[in-house]
Amino acid sequence: MEKFDVVVIGSGSGYNVAMRCAAAGKKTAIIDHQPFGGTCALRGCDPKKVLVGIAHVLSLNEQLIGKGISTLPEFSWEDLMKFKTSFTEPKIPKTEENLEKAGITQYHGRAKFIDENIIQVNDQKISGEKFALANGAAPSRLSIPGEDLLIDSTAFLSLQQLPEEILFVGGGFIAFEFAHIVSRFGVKATIVHRGEMPLSNFDVDMVKLLMKASEKLGIRILLNTEVKSINKKEDRFLIHAEQHGKNIELSTQLAVHSAGRAPDIFDMGLEKMRISFDKKGVKVNDYMQSVSNVNVYACGDANNKCMPLTPVAAKEGIILSDNLLKGNYKKINYGHVPYNVFSIPPVAAVGLTEHAAKHQGLNVKVRFKETTHWYSSRRLNEIVSGYKILVDNDTDEIIGAHLVGPNAAETINIFAVAMNAKVKASDLKKSIFSYPTNASDIVHMF
Ligand SMILES: Cc1cc2nc3c(=O)[nH]c(=O)nc-3n(C[C@H](O)[C@H](O)[C@H](O)COP(=O)(O)OP(=O)(O)OC[C@H]3O[C@@H](n4cnc5c(N)ncnc54)[C@H](O)[C@@H]3O)c2cc1C
Ligand SMILES: NC(=O)c1ccc[n+]([C@@H]2O[C@H](COP(=O)([O-])OP(=O)(O)OC[C@H]3O[C@@H](n4cnc5c(N)ncnc54)[C@H](O)[C@@H]3O)[C@@H](O)[C@H]2O)c1
């Protein structure tokens, strides 16, 4: 049985962890059962954003018809898929090559602890002194009959042809991003969501604006509707759901799982290593170390700490490596983490929602406005845009910023920097921003 100083599971944020451990002279192994490179680069953010990019071009053309654009461009999903693949495919051999150059042993298979410090991958057993769990997340099991008839986000991002209709089960990030993409390619999209409002991480007024834009685009959104089972009849899928206590049936050509993701750790034999976990992931302290086994660390979607986002996973991976290599000395400080739905237009957020601020009893000034009549939206004939800013009345600090509209996902970073640096709202208002940009709108938001 081969022995390693460090065994890393997962090649997303785990890739950098392994590279740092190897660079520090540790005998390192990395294990992944999927192509090497992780979710973000191969099956998530990056390929998704390639699709969003082209969908955005189509959307702008449509918005500006009669305003300088006279015909709509033709599109080819097949070519778009080839373009997407030109980003994802080279990433896999490049990752493997870099790992090999760094002297890291690669195992392609699903890892499972079979004893204290011993992992089984395929028919091999390896032992480690320290372990870094960077397993990421996988689509949640829904425990409803027929759930295996749903395709997941990975399969969606590899569709070679688009059907005429797609139904999304669950109204979160994935549903809105994918529905906005396919709608620009002529697909009739339906989102079925069990809650009162979709996108529960976002401010309700921003979500209402996004819903308005989505419905104008032809996306059907069914709320308070919980999918209970799925079956296939000839070439169609029948979705059985409960809406306000009544049973309804929907029929579609393709149904996509967009009903949440969960840490991919539950079949790992964690109990063999005394690793505590809950449904949110491996329980870790601020050093990214397991609270129950000092030889185990965990970062990214696999731990129970912060939001499951790429920059969070990357930052946690760095903290993890430093502590694993030198002993616990660096605590994580997330600051205010911005996050977006890459719909078209996007929705972006950082800090507290109005609901959360009020729930905490904070003394806040709330500024909410639709801005479709502002120049930055009018020049693009944008049908929906707006903002909501929350300022603490006692400290004049910004405690939440919420945007919907052109470039919202870029502009939100300015708020994140200001909030992390504790810039006062009155000082941000005094800044001169380059003009005409969406950032230059900020001074009018206070
Ligand atoms: C469709 C989609 C779009 C997204 N878009 C964005 C976005 O725009 N912005 C953003 O910030 N975030 C986005 N995310 C979330 C982001 O991708 C994740 O937060 C991030 O990739 C997590 O990184 P990680 O290192 O924790 O896990 P991953 O990158 O998922 O890596 C984990 C790896 O571990 C492997 N693994 C798991 N269990 C085992 C095992 N037992 N044995 C061996 N290997 C194992 C998996 O195969 C996987 O490759 C998106 C996610 C999805 C699904
Ligand atoms: N732009 C981004 O940063 C981005 C993009 C895509 C995914 N992600 C990550 O991936 C994760 C998963 O995304 P997601 O969109 O699958 O999940 P999500 O957690 O955002 O939303 C899923 C929703 O589906 C609902 N749901 C669950 N079961 C249902 C059922 N049977 N019927 C109807 N509704 C049901 C849930 O109530 C939930 O609100 C996100 O938490 C996010 O961290 C991020």
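Rules of the game
Positions within a chain are numbered from 1, following the residues in the order the chain's sequence is written. Starting at A for chains and at 1 for ligands, labels are handed out in the order in which the entities are written. Only residues with pLDDT of at least 70 get local features here, since the model is predicted, and only at 80 or more are side-chain atom pairs given and counted; chain-wide, interface and lining totals rely on the full set of residues. As a rule here, side-chain values cover all heavy atoms of the structure and leave hydrogens and water aside. Patches draw on residues past 30% relative accessible area with no salt bridge. Two like charges within 9 Å are joined, as are two nonpolar side chains (Val, Leu, Ile, Met, Phe, Trp, Tyr) within 5 Å. To be clear on the numbers: accessible area is Shrake-Rupley with a 1.4 Å probe, and residue cover counts the displayed protein chains and nothing else. Salt bridges are defined as contacts in which a side-chain nitrogen from Lys or Arg sits within 4 Å of a carboxyl oxygen from Asp or Glu. Secondary structure elements are defined from DSSP: runs of H or I of at least 4 residues count as helices, runs of E of at least 2 residues count as strands, and each element is numbered from the N terminus. A 1.4 Å probe rolled over the protein chains alone gives each residue an accessible area, and that area as a share of the maximum for its type sets the label: buried under 20%, exposed over 50%, partly exposed in between. UniProt positions are given in the numbering used here, feature names are shortened, and annotations may be inferred rather than shown by experiment. By the convention used here, residues are in contact when the closest approach between their heavy atoms is within 4.5 Å. Residue proximity to a molecule or strand is established when one non-hydrogen atom of the residue lies within 4 Å of it. As used in this structure description, the phrase polar contact means that two N or O atoms lie within 3.5 Å; if the pair is within protein, one of them must be able to donate a hydrogen and the other to accept it, and residues adjacent in sequence are counted only when both atoms belong to side chains. For this classification, the nonpolar set comprises Ala, Val, Leu, Ile, Met, Phe, Trp, Tyr, Cys and Pro, the charged set comprises Asp, Glu, Lys and Arg, and every other residue, Gly included, is treated as polar. Domain limits in this description derive from either an automatic procedure or a database domain assignment. We treat two strands as partners when DSSP finds at least two bridges between them. To get an axis, fit a line to the C-alpha atoms, keeping to the stretch in contact for a helix; angles then go from 0 to 180 degrees between the N-to-C directions. Take the number of residues in a helix, subtract one, and multiply by 1.5 Å to get its expected span.

Right, let's get into a nonpolar patch on the surface. The grouping of Ile 54, Phe 83 and Phe 87 at the surface amounts to a nonpolar patch, some 270 Å² of accessible area in total. Within the secondary structure, Phe 87 is located in helix 4 (residues 77-101). For Phe 87, a relative accessible area of 46% translates into the label partly exposed.

Here the UniProt feature "binding site: FAD" (unreviewed entry) sits at Lys 49 and Asp 301. In this fold, Lys 49 is placed in helix 3 (residues 45-63). Relative to the elements of secondary structure, Asp 301 occurs in the loop between strand 18 (296-298) and helix 8 (310-326). Apart from residues no more than four positions distant in its own chain, Asp 301 is found in contact with Gly 136, Ala 137, Pro 263, Lys 280, Pro 308 and Leu 309.

Before going further, it helps to examine the site of ligand 2. Around ligand 2 lies a shell of 21 residues, among which Ile 174, Glu 177, Gly 260, Pro 308 and Asn 340 are the nearest. Here an oxygen atom of ligand 2 sits 3.0 Å away from a polar atom, N or O, in the side chain of Arg 194. In this structure, Gly 260 approaches ligand 2 through a main-chain N or O atom, which is 2.9 Å from an oxygen atom. Taking 850 Å² as the accessible area of ligand 2 by itself, protein coverage stands at 82%. When contributions to the shell around ligand 2 are tallied by element, the ones reaching two or more residues are helix 6 (173-184) and strand 11 (225-233). Within the shell around ligand 2, the residues separate by chemical class into eight nonpolar, eight polar and five charged. Built from parts of two domains, the shell around ligand 2 gets at least three residues from each of domain 1 (2-139 + 262-326) and domain 2 (147-259).

Another aspect to go through is the sheet that holds strand 19 (residues 339-341). With antiparallel pairing, five strands are arranged side by side in an open sheet as 19-20-23-22-21. Every other strand in the sheet has two partners, leaving strand 19 and strand 21 (364-370) as the edge strands with one partner each. Neighbour to neighbour, the strand axes of the sheet diverge by 10 degrees on average, direction disregarded. As defined by bridge partners, strand 19 adjoins strand 20 (residues 347-351) across three bridges and the pair is classed as antiparallel. Its bridge partner being in strand 20, Val 341 is matched across the sheet by Val 347. Sheet strands in contact with helix 11 (residues 408-420) are strand 19, strand 20, strand 22 (386-392) and strand 23 (398-404), and its direction is about 175 degrees off that of strand 23.

Attention now goes to the side chain of His 402. Relative to the helices and strands, His 402 resides in strand 23. On the basis of relative accessible area, His 402 is assigned to the buried category, the value being 0%. A distance of 2.8 Å separates the side chain of His 402 from the backbone oxygen of Leu 352, its partner in a polar contact. The contacts of His 402, once residues within four sequence positions are left out, are Asp 203, Met 206, Ala 348, Ala 349, Val 350, Gly 351, Leu 352, Thr 353, Gly 386, Tyr 387, Lys 388 and Leu 390.

Let us look at the site of ligand 1. Taken together, 35 residues lie around ligand 1, and Ser 13, Asp 32, Thr 39, Lys 48 and Ala 111 are the ones closest in. Between ligand 1 and Cys 40 there is a distance of 3.5 Å, counted from an oxygen atom to a backbone nitrogen or oxygen. Contact with the protein chains hides 93% of the accessible area of ligand 1, taken as 1000 Å² for the molecule alone. Top contributing element to the shell around ligand 1 by residue count: helix 2 (residues 38-43), with four residues. Residue composition of the shell around ligand 1, by class: 13 nonpolar, 15 polar and seven charged.

Take the pairing of strand 5 (residues 118-121) next. In the sheet, strand 4 (residues 111-115) pairs with strand 5 via four bridges, with the strands oriented antiparallel. By the bridge assignment for strand 5, Ala 111 is matched with Val 121. Linking strand 4 back to strand 5 in an antiparallel pair, the connection comprises two residues, with Asn 117 at a positive phi of about 65 degrees. Direction of pairing for strand 5 relative to strand 6 (residues 124-133): antiparallel, over a ladder of four bridges.

Of note, Phe 131 is situated in strand 6. Relative accessible area serves as the criterion here: at 0%, Phe 131 is assigned to the buried category. Here the alpha-carbon distance between Phe 131 and Ala 29, two residues 102 residues apart in the chain, equals 9.7 Å.

Compared with an ideal rise of 1.5 Å per residue, which puts twelve residues at 16 Å, helix 6 spans 17 Å between its outermost C-alpha atoms and is within 8% of the ideal. When you tally the buried positions in helix 6, you get ten out of twelve residues, the bulk of the element. Within helix 6 the residues assigned to the buried category are Ala 175, Phe 176, Glu 177, Phe 178, Ala 179, His 180, Ile 181, Val 182, Ser 183 and Arg 184. In the segment just after helix 6, Gly 186 is the residue with positive phi, at about 85 degrees.

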